Amino acid sequence: MAWTDEDAAWMNRAIILARKGNAGSGTNGIGCVIVRDGELIGEGCNEVEFRHDPTAHAEIVAIRRAGQRLESPALRDAVLYTTLQPCGMCTMASIWAKIGRIVYGAGRDDVHAEYFEDRHLDTVDFIRDAFRTDLTLEGGLMAVECAALYVPADAIIPKDKQFNR
């Protein structure tokens, strides 16, 4: 994949948000920015604990903020940049929001399995099943930098200590 300087700049912004999330109380290190026509329209980090809301993933927070800013639920032609491959919920929210492109950094194989559902649900399957031929999904942008934000894939963590199990 040939990434543009603009792609790298927006992913850098998502990484900054992820680092702030790792440092904040009740937030954690997944960062997301949503851009349309070169303009930032929404951003956020994971706020699940802070908001006591299991749906407050970084992507959902950014989608909500973008919708509020635009006063519209449709984010057509927007690009969503996120530091970690979106989960099923965030992918479906992107589909419903009519996002045009999703770009993520670290993928499922780059980080510990605790970040994803037990069953392998591929975000591409959600997009295909929703008949969204106008939505593209591209992964691996700054994957090394993004993966460094998370627990390594080969880390040994007892099941009862994994937060997503």
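Here is a short report on the structure shown in this document. Treat the numbers as computed from the prediction; the structure is a model and nothing was measured.

Now for the pairing of strand 4 (residues 101-106). Extensive coverage of strand 4 is indicated by the burial of six of its six residues. As paired elements, strand 3 (residues 79-84) and strand 4 share five bridges and run parallel to each other. Considered in strand 4, the bridge of L84 is made with A106. For the crossover that starts at strand 3, traverses helix 4 (residues 88-96) and ends in the parallel strand 4, the hand is right-handed. With four bridges connecting them, strand 4 and strand 5 (residues 136-139) associate as parallel partners. Paired with R101 across the strands is T136, a residue of strand 5.

One pass over the full model with this rule turns up seven salt bridges. With a shortest N-O distance of 2.6 Å, R51 and E47 are connected by a salt bridge. Residue classification places E47 among the buried positions, given a relative accessible area of 7%. One salt bridge in this structure joins R65 and E47, with 3.1 Å as the shortest N-O distance. With R65 in helix 3 (residues 58-70) and E47 in the loop between strand 2 (39-46) and helix 2 (48-51), this residue pair connects regions lying 18 residues apart in the sequence.

Turning our attention to the nonpolar core. Counting residues in hydrophobic clusters, the biggest one holds 39 residues, and the most contacted among them are M11, I34, I63, L75, L80, Y81 and I99. The set of elements that each furnish at least two residues to this core consists of helix 1 (5-23), strand 1 (28-36), helix 3, strand 3, helix 4, strand 4 and helix 6 (143-147). What I63 contacts, discounting residues up to four positions off in sequence, is I34, L75, L80, A93, S94 and A97.

Another aspect to go through is the packing of helix 3 against helix 4. The contact between helix 3 and helix 4 brings their axes to 9 Å, and the two run at 20°. Classified by the interaxial angle, the pair formed by helix 3 and helix 4 is roughly parallel. The handedness of the crossing between helix 3 and helix 4 is left-handed. Contacts from E59, I60 and I63 of helix 3 reach helix 4 at M89, C90, A93 and S94. Taken together, the residues of the contact of helix 3 with helix 4 break down into five nonpolar, one polar and one charged.

Here we come to the pairing of strand 3. Within strand 3, six of the six residues are buried, which leaves the element mostly enclosed by the surrounding structure. One ladder, built from four bridges, connects strand 1 with strand 3; its direction is antiparallel. Each bridged residue has a counterpart across the sheet, and for I34 the counterpart in strand 3 is L80.

The subject of this paragraph is the sheet that holds strand 4. The five strands are arranged 2-1-3-4-5 in an open sheet whose pairing can be described as mixed. Edge strands, defined here as strands with exactly one partner in the open sheet, are strand 2 and strand 5. This sheet shows a mean twist of 15° between the axes of neighbouring strands, independent of strand direction. Helix 1 contacts strand 1, strand 2, strand 3 and strand 4 of the sheet and is inclined by roughly 145° relative to strand 1. Strands in contact with helix 3 are strand 1, strand 2 and strand 3; relative to strand 2, the strand with the most contacts, it is inclined by about 145°.

Here is what the cut-offs are and how they apply
Residues numbered from 1 in each chain as written. Predicted model: local features only at pLDDT ≥ 70, side-chain atom pairs only at ≥ 80, totals over all residues. Heavy atoms only, no water. Buried < 20%, exposed > 50% of the residue type's maximum accessible area, 1.4 Å probe, protein only. Helix = DSSP H or I, 4+ residues; strand = E, 2+ residues; numbered from the N terminus. Pairing = 2+ DSSP bridges. Right-handed = clockwise from strand over helix to strand, strands pointing away. Salt bridge = Lys/Arg side-chain N within 4 Å of Asp/Glu carboxyl O. Core = buried A, V, L, I, M, F, W, Y, C linked by side-chain atoms within 4.5 Å. Contact = heavy atoms within 4.5 Å. Axes fitted to C-alpha atoms, helices over the stretch in contact; angles between N-to-C directions. Parallel < 35°, antiparallel > 145°, perpendicular 65-115°, else oblique. Left-handed = near helix turned anticlockwise from the far one by under 90°. Nonpolar A, V, L, I, M, F, W, Y, C, P; charged D, E, K, R; others polar.

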